[in-house]
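# Coordinate analysis (summary)
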Amino acid sequence: MSAVPPPRPAARLDEAAYDRRRLRQWLAGDARADGVGRRRLLTLLAATAAATALPAPRPARAAGTPTIVKALPPEWFVRRGTNAETRWEALRATGHHTPNELFFVRNHTATPVLEAGDWRLRLWGSGLRGAPGEDRPVEFGYDDLRALPAVTRTAFVECAGNGRGHYTTQQGETVTGTAWALGAIGVARWRGARLSDVLRRAGLSSRAADVQPRGLDAEYVSDGESLGRVRRPLPLAKALDDVLLAYEMNGEPLPYDHGYPVRVLVPSWVGIASIKWVGDIEVSAQPLFSPWNTTFYRLFGSAHPQEGSAPLTRQTVKSAFELASGATFPAGRGQVLHGRSWSGAGAVTRVDVSTDGGTSWRPARLHDRPRPGTWTRWSVPWKPGTRGATHLLARATDTAGRTQPDAAVPNTQGYLFDAVVRHPVTVV
Ligand SMILES: Nc1nc2c(c(=O)[nH]1)N[C@H]1C(S)=C(S)[C@@H](COP(=O)(O)O)O[C@H]1N2
Ligand SMILES: [Mo]
């Protein structure tokens, strides 16, 4: 390990420009596309919308084999294939941080049960000084990582597809992927080493462009084809900014399902960036591609460029009530409705609530000091009058000036739903 280079100025992440540059570099032979066919990348440049509709991924394991280690009581979770969605009504009793037992799980395949004592993090690639190859990596053990300065940060992990089910139920759109309601999010207090510290100790070269963490879980098979292990390039500017290699979640070692012994934690970005069970990180002088920033996690469809949007980065703004869908309320009795709102673009500073299906609105009382990268809890009093079915709605606004729209712009894979959700309830 060699001397630490000075930090780069915090470059503004112009993500669309970043992506265009990478596609140009790839076409000029300057970028490596690992596991992405040339055809696929050309498709990104010249695809028809129809070519981008993807078949649903097949389960990688025999039916009945558990893909998640922790208990999934039905009053807390909805099982969705290899994944488990947190029920919002189960969050009512929780504080700002989601207890580890209640945190949603998104697994492409299945949770691997690893041992910290055997674990190594390998850093390799053309973006390290001396350019160590895959055969000559820089290695860190679990104790090496723990010996680095520790950082604690509260942040959500939210799937890019959170809310996807509402594209169908609320907007009548056909989209592929897991039909999450709004429970593919959790907030935890993460503790770990800074990725920037690890990169600098590994000998980061001034030529480095992208880093690509890769998980130790099984290869992901989609439509009969192995796409390799879960991995996704991260631009160096973000990697050096606020990314952690986390080994604790809410004061405990990471649970198996959430990445034990170490996961990447990329605040405010789509959940796929936060690679669990990280085993190696390629540090590349060339831009990188993987299926997780080409085929997946871009916006395709008639409202988007033919080649798809730039790879997804920040999350959108959303709100949820801490209530079951279809909850009932006695008429004439005073209630307090609770909920939470969050955004990847800034802190949520304002939430408006309607208890009459969207006719009238009033501001909610906020229960947290608004902070970026996490949710703001809120409440409104409500005394239901007329009996019958109605909808509760919440509309959040963040410090970046984003307000939830009435309808989300659709995309074929149902990412980044941001519309105000109409939460059905009945007054009895
Ligand atoms: N190695 C690995 N990392 C992964 C995944 C995975 O399947 N394998 N899923 C990603 C996705 S799509 C999401 S939304 C988050 C979910 O994190 P959680 O299961 O801790 O809630 O992990 C990300 N990191
Ligand atoms: Mo995800």
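Quick summary incoming for the structure in this document. (Residues numbered from 1 in each chain as written. Chains lettered and ligands numbered in written order. Predicted model: local features only at pLDDT ≥ 70, side-chain atom pairs only at ≥ 80, totals over all residues. Heavy atoms only, no water.)

Our focus in this paragraph is the nonpolar core. Ranked by size, the top nonpolar core spans 63 residues in total, and within it Leu123, Trp190, Leu199 and Leu245 carry the most contacts. For this core, the element with the most residues is strand β12 (residues 244-249), which contributes five residues. Residues in contact with leucine 199, not counting those within four places in the same chain, are Leu123, Leu204, Val211, Leu236, Ala239, Leu240 and Val283. If you look at the next biggest cluster of nonpolar residues, it comprises 18 residues, including Leu323, Val348, Ala364 and Leu392. (Core = buried A, V, L, I, M, F, W, Y, C linked by side-chain atoms within 4.5 Å. Buried < 20%, exposed > 50% of the residue type's maximum accessible area, 1.4 Å probe, protein only. Helix = DSSP H or I, 4+ residues; strand = E, 2+ residues; numbered from the N terminus. Contact = heavy atoms within 4.5 Å.)

Applying the stated criterion across every chain yields a total of 15 salt bridges. A salt bridge links arginine 214 to aspartate 280; its shortest N-O distance comes to 2.9 Å. In this pair, arginine 214 sits in strand β8 (residues 210-215) while aspartate 280 sits in strand β15 (residues 278-284), placing the two residues 66 residues apart along the sequence. As far as the burial class goes, arginine 214 and aspartate 280 line up, both buried. Measuring nitrogen to oxygen at the nearest pair gives 2.9 Å for the salt bridge that ties arginine 377 to aspartate 368. For arginine 377, a relative accessible area of 22% corresponds to the partly exposed category. For aspartate 368, a relative accessible area of 13% puts it in the buried group. It is possible to trace a salt-bridge network through shared partners that takes in Arg92, Glu322 and Arg340. (Salt bridge = Lys/Arg side-chain N within 4 Å of Asp/Glu carboxyl O.)

Attention now moves to the site of ligand 1. Phe104, Asp217, His258, Arg263 and Lys276 are the nearest of the 20 residues found near ligand 1. Note that an oxygen atom of ligand 1 is positioned 2.7 Å from one of the backbone N or O atoms of phenylalanine 104. Here an oxygen atom of ligand 1 sits 2.5 Å away from a polar atom, N or O, in the side chain of lysine 276. Protein coverage of the free-state accessible area of ligand 1, which is 540 Å², stands at 100%. A breakdown of the residues in the shell around ligand 1 according to their chemical character gives ten nonpolar, six polar and four charged. (Near = heavy atom within 4 Å. Polar contact = N/O pair within 3.5 Å; in protein donor to acceptor, adjacent residues only side chain to side chain. Areas by Shrake-Rupley, 256 points an atom, 1.4 Å probe, with all protein chains shown as cover. Nonpolar A, V, L, I, M, F, W, Y, C, P; charged D, E, K, R; others polar.)

Here we come to a nonpolar patch on the surface. Among the surface-exposed residues, Val69, Val113 and Tyr256 lie close enough to one another that they form a single nonpolar patch of about 260 Å² accessible area. Relative to the elements of secondary structure, valine 113 occurs in the loop between β3 (83-86) and β4 (120-124). Assessed through its relative accessible area of 53%, valine 113 is described here as exposed. (Patch = residues over 30% accessible without salt bridge, like charges linked within 9 Å, V, L, I, M, F, W, Y side chains within 5 Å.)

Another point: the sheet that holds β15. Strand pairing within a sheet occurs via backbone hydrogen bonds; the two strands may be parallel or antiparallel. Strand order in the open sheet formed by five strands is β5-β4-β15-β8-β11, with mixed pairing between adjacent strands. Of all strands in the sheet, those bounded by a partner on one side alone are β5 (138-141) and β11 (234-235). Inspection of the sheet shows β4 paired to β5 by four bridges, in the antiparallel sense. Bridge assignment links leucine 121 to a residue of β5, and that residue is phenylalanine 140. (Pairing = 2+ DSSP bridges.)

Another aspect to go through is the pairing of strand β20 (residues 348-354). The buried count for β20 comes to five of seven residues, which makes it a mostly enclosed element. In the sheet, β20 pairs with strand β24 (residues 388-398) via six bridges, with the strands oriented antiparallel. Within β24, the residue paired with valine 348 across the bridge is aspartate 398.

Take the sheet that holds strand β18 (residues 327-329) next. Pairing within the open sheet is mixed, and its five strands lie in the order β18-β25-β24-β20-β21. Each end of this open sheet is capped by a strand with a single partner; those strands are β18 and β21 (362-363). Examined bridge by bridge, β18 and strand β25 (residues 423-427) share three bridges and lie parallel to one another. Bridge assignment links phenylalanine 329 to a residue of β25, and that residue is valine 427.

In this section: the environment of valine 266. Relative to the helices and strands, valine 266 resides in the loop between β14 (263-265) and β15. In contact with valine 266, not counting residues within four places along its chain, are Leu234, Lys238, Val243, Ala273 and Ser274.

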